[in-house]
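These are the residues of each chain, in order.
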Amino acid sequence: MSSSTAANWMEPDAAHAGEVRKLSTLLEASQALSATLDLSEGLKRVLEILGRHHGAIRSTVVLLNEETGEVELEASSGAITPGRRVRYRVGEGITGRVIQSGKPLVVPRVSREPMFLNRAAERPELREQELSFICAPIALEGRTVGAVGVDLRFKADRDYNRTVKFLGVVGSMIAQGVRVQKLIRADKQRLVDENTHLRQELKERYDFSNLVGNSGPMRQVYEQISQVAPTNTTVLLRGESGTGKELIAHAIHYNSARAKKPFIKVSCAALPHDLIESELFGYEKGAFTGAHAQKKGRFEAAEGGTLFLDEIGDLNLATQVKLLRVLQEREYERLGSTETIRANFRLVAATNKDLEQAITGGEFREDLYYRLNVFAIYVPPLRERKPDLLLLADHFLEKFAREHGKAVKRISTPAIDMLTSYHWPGNVRELGNVIERAVVVCDAHVVHAHHLPPTLQTAEASGTALTSTLRDSMTAFEKDALQDALKSARGNRAKAARLLGTTERIFNYRVRKYGIDWRRFKP
């Protein structure tokens, strides 16, 4: 084969190899950008790929800062001294002009270009060899948001048009990375704003000044909250079910130095005894059957914040021992792990049980009781704070009218009398449920007595007030009892007397006294 023929065969092979190298570069660049959510790290990998496959001596990516209007260096390879910050104004230098015009620029001989600022690199190679600089814009949604530039060794026969087009494709890929980064930042900022807004709402909602009630017992509770909230002291909330212990736990948390950290609630009564330990301490993968992955416990989730253990009186004895160690040593281990984790949370516990009686009965550990009972707050039942009842009723009326879109404005006087005369075994929770039901069934602007549930209906309110004397009521009751016994005994007076626990003689006397025909009860 002649030398000219061999040359003709080699040229297509060289061109083909160049195209393959470019496609390989684009594939690797795409993988580098998609492999991380850190834009700077992804760009650095792309620039390193350009250096390996295309002989880029140094390369940079600059992005436009929309807040300052300046062009800032985002990533570089072999271009800048670590710790040095590089900024340009739009239109300043070669890179600034590319961003201003949105068009690529080629500088075949860097040493002859007076517009070079050399901020990103000193280019010491120019003393020995000439360099070429190519810069392509990074465009996103029709706007130039940055530029990618590379230094290459000068070659007189270099096809700059092909190189510019290739670098433009790289710039387009970088633009998509920038777009994803903008979306991530916007989403993250939205979540931060929402989180800040929700935390502020929670702090305002659970500020103890917003708790409803001004009776003497509640004023004492407010004073205790204001004393203990700024500290890290363990708090034990005691009181009947439905008195608002969880609300007070929230108030303590959101008025403490830990307000910006998590508030984690655990209902000890709601979780089965065999699950409560794994929920509190967490577990490692393979710690027990079904533990397919590591899980953080509530202790770990409450890091830096407050852990609220509701119904702690229902905690089993085995878990009580481990909780005591956490409170004493301020450390714990996940199930199946030997790694010790430091505990940094504030504990607020609540119970409606008589813990002293539970200790006597062997159901609650005395040493744990003393660890919990550092600062006890007694939350009074509603019957002990009757002056607050109307304030609470009005609060619930406004709340549920707003939630259900009702124009209910007030409670009638007879309905108020019914509310105040009731003993409220379910406390504030029951009152809230009663008012919500009244709002739902009310079809006017005023809640009347008939809107309240039957449990609150008195004899006067329901029109069933007693009109007979005690003697008449007792006579009617005795007559009904005799007839019921005869009915059950199918007219057998001896058996009916035994059912009532009396003799047959006394039974027959009562039957004759009230004129009861015992024969009609026979089959």
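In case you missed it, the structure is sitting above this.
Residues numbered from 1 in each chain as written. Predicted model: local features only at pLDDT ≥ 70, side-chain atom pairs only at ≥ 80, totals over all residues. Heavy atoms only, no water.

Caption draft 1: Focus on the overall build of the protein. Within the protein, the secondary structure is distributed over 18 helices and 17 strands. Burial status across the protein gives 41% buried among its 523 residues. Taking as baseline every contact in the protein between residues at least 6 positions apart, the subset at least 24 positions apart corresponds to 66%. (Helix = DSSP H or I, 4+ residues; strand = E, 2+ residues; numbered from the N terminus. Buried < 20%, exposed > 50% of the residue type's maximum accessible area, 1.4 Å probe, protein only. Contact = heavy atoms within 4.5 Å.)

Caption draft 2: Broad picture of the packing of helix H12 (residues 389-403) against helix H14 (residues 427-441). Look at H12 against H14: their axes get within 9 Å of each other, and the N-to-C directions meet at 45 degrees. Classified by the angle their axes make, H12 and H14 are oblique. Seen from above, H12 lies across H14 with right-handed handedness. Facing H12, whose interface residues are Leu389, Leu392, Ala393, Phe396, Leu397, Phe400 and Ala401, H14 presents Val428, Leu431, Gly432, Ile435, Glu436 and Val439. Of the residues belonging to the contact of H12 with H14, the class tally is eleven nonpolar, one polar and one charged. (Axes fitted to C-alpha atoms, helices over the stretch in contact; angles between N-to-C directions. Parallel < 35°, antiparallel > 145°, perpendicular 65-115°, else oblique. Left-handed = near helix turned anticlockwise from the far one by under 90°. Nonpolar A, V, L, I, M, F, W, Y, C, P; charged D, E, K, R; others polar.)

Caption draft 3: Just the sheet that holds strand S2 (residues 70-77), in detail. Reading across the sheet, the six strands line up as S3-S2-S1-S6-S5-S4 and stay open at both edges, with antiparallel pairing between neighbours. For this open sheet the edge positions go to strand S3 (87-89) and strand S4 (105-107), each flanked by a neighbour on one side alone. Across the sheet, the mean angle separating the axes of adjacent strands is 20 degrees when strand polarity is ignored. Strands in contact with helix H2 (residues 39-54) are strand S1 (58-64), S2 and strand S6 (143-153); relative to S2, the strand with the most contacts, it is inclined by about 55 degrees. (Pairing = 2+ DSSP bridges.)

Caption draft 4: Examining the pattern of salt bridges more closely. What the rule picks out here adds up to 27 salt bridges. Between Arg58 and Asp151 there is a salt bridge, with its nearest N and O atoms 3.1 Å apart. One end of the pair, Arg58, is in strand S1; the other, Asp151, is in strand S6, and 93 residues separate them in sequence. Just as Arg58 is buried, Asp151 falls in that class too. Two residues, Arg190 and Glu194, come together in a salt bridge whose shortest N-O distance is 3.0 Å. Here the residue Arg190 and the residue Glu194 both occupy positions in helix H4 (residues 160-205), the gap between them amounting to four residues, near one helical turn. (Salt bridge = Lys/Arg side-chain N within 4 Å of Asp/Glu carboxyl O.)

Caption draft 5: Main features of the environment of Val62. For Val62, the location among the structural elements is in strand S1. For the pair formed by Val62 and Ile99, sequence separation is 37 residues and the distance between their alpha carbons is 9.4 Å. Other than its neighbours up to four places away in sequence, Val62 contacts Val71, Glu72, Leu73, Glu74, Tyr88, Thr95, Ile99, Ile138, Val145, Gly146 and Ala147.

Caption draft 6: Quick look at the layout of surface pockets. One number sums up the size of the largest pocket: a volume of about 1,000 Å³. Lining the largest pocket are 31 residues, and of these Gly244, Leu247, Phe396, Lys399 and Val428 sit closest to its centre. Only helix H6 (245-254), H12 and H14 provide two or more residues apiece to the lining of the largest pocket. Top contributing element to the lining of the largest pocket by residue count: H12, with seven residues. Split into classes, the residues belonging to the lining of the largest pocket amount to ten nonpolar, ten polar and eleven charged. (1 Å grid on protein atoms, 1.4 Å probe; cavity = no way out; pocket = protein on both sides within 12 Å on 5 of 7 lines; lining within 4 Å. Points joined across faces, edges and corners; volume = space filled by probe spheres on them.)

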